[in-house]
Amino acid sequence: MNILNLIIKMSLLNRVFKIEEKTAFKIVIYWVVVLSIAYSLLAVLRHDHFQSGAFDLGIYDQAIWQYSHFEFPYNTIKERFILGDHLTLTLPLLVPLFYLWDDVRILLIFQAVFVTVSAIGIYKIARLRKLSPFVSLIVGVVYSLFYGIQTAISFDFHPIVIAVGILVWVAYFFETKNWKLFWSSLALLLLTQENTGIALAGLGLIYFFHKEYRKQALALIIGGIIVSFFQTKIVGLISPVGYQYVPNIPTDPLRFVIGFFDSPEKIENWKYSLVPTGFLPLLSPGAVLAVLLDLSQYYLTGFSRMWTPYQHHRAMLAPFVAIGLIEAFMFLKNKKININYLAVILLGTTVASQYLFHFPINKLAKREYWKNEQWMSDNNNLFKQIPKNVSLAAA
């Protein structure tokens, strides 16, 4: 009887493995819609329950609101022109959001939806690489549940999270040779923040290991680094204190390597990146180098708060890890390994990791996260007493 049950299960799995392109793409769309709603709820409930912060969310909310009212974007938290902190030149493009709904929650919702939609781009890249619709679907789901995306959405709003979604489409348009959309998305990427050139260089490192892309990959690597270098100089000229995020790169090779593993936060980042993905991205040398390049700008600075896995800083790893997964599946497929079963295991490790590591999406399953406590209601009633068009200073 056990053998019969196993045969039936294997037969059902084989049917799933042969899912058609049209059906797989529909599932991706449904998944993106559902997860966008879940991520939006995760961010908005956190904000409604007074767990969001004035630092990042407040900084960008104020700047976009100022742009929407044609005011000079002076940040009262850091006490400087907004571009003297980060070169966020695409913020004015988000102004129409405030015309739809003049509320900071619109930024949280937009961020959640925008980055989740990029899972479609990951699915399409996997299909371009000749992976089956089933495996491509799994990779898209795994990407969308990456811990860096979850922690960014459940933290606050930040332009670098928007850049994550853009980077995926830069990669897709690059591989499809849709040069008009490639250059448009590339421009958006580089204008989003001064270190997105480093992300572009990371993408170049992945393509460098593909002979047909080697020349273009070198251009992406060199061009990305040069653009980021000059953008940081611009921020330094605008800022009253100079550019604050310059990495302090050790000259000792051993200290350089140790710098990626010398704190509990750094170890957590490696664990959260590799365990859910079954360590498969390690089979892609380009993806490994891309991850190391992205981490170096944070791990090799004196800002230990940037090492944490619980803010927005690790979101940019998601596209590199996902493309690394795609390349790992391609490698194993060429070795005549049945990657369909491996994809099922990958989905299992990803789902299990959500509970094992208590990733943010789990909060939606807890009653306490939805509960509106009395002090929250008291705060909201207090805010209603504040007259319109009155300025308010708060510690």
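Here goes a summary of the coordinates provided. (Residues numbered from 1 in each chain as written. Predicted model: local features only at pLDDT ≥ 70, side-chain atom pairs only at ≥ 80, totals over all residues. Heavy atoms only, no water.)

Things to note about the overall build of the protein
Item 1. Helix and strand content of the protein: 18 helices and two strands.
Item 2. Taken against the 2.2 N^0.38 rule, which gives 21 Å for 395 residues, the C-alpha radius of gyration of the protein at 22 Å falls within 12% of a compact globule.
Item 3. Over its C-alpha atoms, taken along the principal directions, the protein stretches across nearly 70 × 50 × 45 Å.
Item 4. Sorting the 395 residues of the protein into buried and exposed places 52% on the buried side.
Item 5. Pairs at least 24 apart in sequence give 76% of the contacts found in the protein among residues at least 6 apart.
Item 6. Entry remark: accessible area of the protein is about 19600 Å², with carbon and sulfur atoms responsible for 67%.
Item 7. Here the protein contributes 33 positive and 23 negative side-chain charges, whose respective centroids are spaced 13 Å apart. (Helix = DSSP H or I, 4+ residues; strand = E, 2+ residues; numbered from the N terminus. Rg over C-alpha atoms; globule rule 2.2 N^0.38 Å. Buried < 20%, exposed > 50% of the residue type's maximum accessible area, 1.4 Å probe, protein only. Contact = heavy atoms within 4.5 Å. Areas by Shrake-Rupley, 256 points an atom, 1.4 Å probe, with all protein chains shown as cover. Lys, Arg positive; Asp, Glu negative; His and termini not counted. Charge placed at Lys NZ, Arg CZ, Asp CG, Glu CD.)

A short note on the packing of aromatic side chains
Item 1. Summed over the entire model, instances satisfying the criterion amount to 31 aromatic pairs.
Item 2. The interplanar angle of 45 degrees and the centroid separation of 4.8 Å between the aromatic rings of F174 and Y207 together place this pair among those described as tilted. Residue F174 is found in helix α8 (residues 159–176), and its partner Y207 is found in helix α10 (residues 196–208); the two are separated by 33 residues along the sequence.
Item 3. A residue is classified by how much of its surface remains accessible, and F174, at 3% relative accessible area, is buried.
Item 4. Judged by centre distance (5.3 Å) and plane angle (90 degrees), the rings of Y272 and F359 are edge-to-face. (Phe/Tyr/Trp six-rings, centres within 6.5 Å; stacked < 30°, edge-to-face > 60°.)

Digging into the packing of helix α5 (residues 105–128) against α8
Item 1. Remark: α5 packs on α8, axes separated minimally by 8 Å, with the N-to-C direction vectors making an angle of 25 degrees. Looking at the two axes, α5 sits roughly parallel to α8. Handedness of the crossing formed by α5 with α8: left-handed. On α8, the residues that touch F110, Q111, F114, V115, V117, S118, I120, G121, I122, K124, I125 and L128 of α5 are V161, I162, V164, G165, I166, V168, W169, A171, Y172, E175 and T176. (Axes fitted to C-alpha atoms, helices over the stretch in contact; angles between N-to-C directions. Parallel < 35°, antiparallel > 145°, perpendicular 65-115°, else oblique. Left-handed = near helix turned anticlockwise from the far one by under 90°.)

Remarks on the pattern of salt bridges
Item 1. Throughout the structure, instances matching the rule amount to eight salt bridges.
Item 2. One salt bridge connects D156 with R46, and the closest N-O pair in it is separated by 3.0 Å. Within this pair, whereas D156 is found in the loop between α7 (147–153) and α8, its partner R46 is found in helix α2 (residues 21–48), the two being separated by 110 residues in sequence. Exposure class is identical for D156 and R46. Each is buried.
Item 3. When the shortest N-O distance is used, the salt bridge between R129 and E175 registers 2.9 Å. Here E175 lies in helix α8 and R129 lies in the loop between α5 and α6 (133–144), a separation of 46 residues in the sequence. Across the pair, E175 and R129 agree in class, each one buried.
Item 4. Linked through salt bridges whose partners overlap, the residues forming this network are D48, D103 and R105. (Salt bridge = Lys/Arg side-chain N within 4 Å of Asp/Glu carboxyl O.)

Structural notes on helix α3 (residues 56–68)
For an α-helix, 3.6 residues make a turn, and residues three or four places apart therefore share a direction.
Item 1. The first and last C-alpha atoms of α3 sit 18 Å apart over 13 residues, in line with the 18 Å expected at 1.5 Å per residue.
Item 2. Burial analysis of α3 places 10 of its 13 residues in the buried class, the great majority of the element.
Item 3. Looking at α3, one finds that the buried residues are D56, L57, G58, I59, Y60, A63, I64, Q66, Y67 and S68.
Item 4. In this structure, the buried residues of α3 make contact with α2, β1 (74–75), α4 (95–100), α5 and α8.
Item 5. Two residues or fewer past α3, F70 is found with a positive phi of approximately 55 degrees. (Expected span 1.5 Å × (residues − 1).)

Re unusual backbone geometry
Item 1. Located in the positive-phi region is F70, a residue other than glycine, with phi close to 55 degrees.
Item 2. Mapped onto the elements of the fold, F70 is located in the loop between α3 and β1.
Item 3. One non-glycine residue with positive phi stands out, namely F279, at about 65 degrees.
Item 4. A residue is classified by how much of its surface remains accessible, and F279, at 45% relative accessible area, is partly exposed.

A closer look at a nonpolar patch on the surface
Item 1. A contiguous nonpolar patch, built from F50, W375, L382, F383, I386, V390 and L392 and spanning about 670 Å² of accessible area, is present on the exposed surface.
Item 2. Locating F383 in the fold gives a position in helix α18 (residues 374–384).
Item 3. Looking at F383, the relative accessible area reads 42%, which means it is partly exposed. (Patch = residues over 30% accessible without salt bridge, like charges linked within 9 Å, V, L, I, M, F, W, Y side chains within 5 Å.)

Observations regarding the environment of F55
Item 1. Along the chain, F55 turns up in the loop between α2 and α3.
Item 2. Other than its neighbours up to four places away in sequence, F55 contacts I77 and K78.

Here we look at the packing of α5 against α6
Item 1. At a minimum axis distance of 8 Å, the contact between α5 and α6 shows a crossing angle of 150 degrees. The orientation of α5 relative to α6 falls into the category roughly antiparallel. The two elements α5 and α6 cross, and the hand of that crossing is right-handed. Counting all contacts with α5, which are made through V115, S118, A119, I122, Y123, A126 and R127, the residues of α6 involved are P133, S136, L137, V139, G140, Y143 and S144.
Item 2. Each residue belonging to the contact of α5 with α6 can be placed in one class, and the counts come to nine nonpolar, four polar and one charged. (Nonpolar A, V, L, I, M, F, W, Y, C, P; charged D, E, K, R; others polar.)

Examining helix α13 (residues 264–274)
Item 1. Listing the buried residues of α13 in full gives K266, N269, W270, Y272, S273 and L274.
Item 2. Among the structural elements, α7, α14 (285–299) and α15 (317–334) are those in contact with the buried residues of α13.

A short note on the environment of H47
Item 1. Inspection of the secondary structure assignment puts H47 in helix α2.
Item 2. For the pair H47 and F155, spaced 108 residues apart in sequence, the C-alpha separation works out to 9.4 Å.

A word on the nonpolar core
Item 1. By size, the foremost hydrophobic cluster in this structure holds 114 residues, and its most contacted members are Y39, Y143, F157 and F329.
Item 2. The residues touching Y39, leaving out its near neighbours within four places in the chain, are A112, T116, S144, L145, I149, Q150, I153 and I361. (Core = buried A, V, L, I, M, F, W, Y, C linked by side-chain atoms within 4.5 Å.)

Scope: geometric values only; no functional claims are made or implied.
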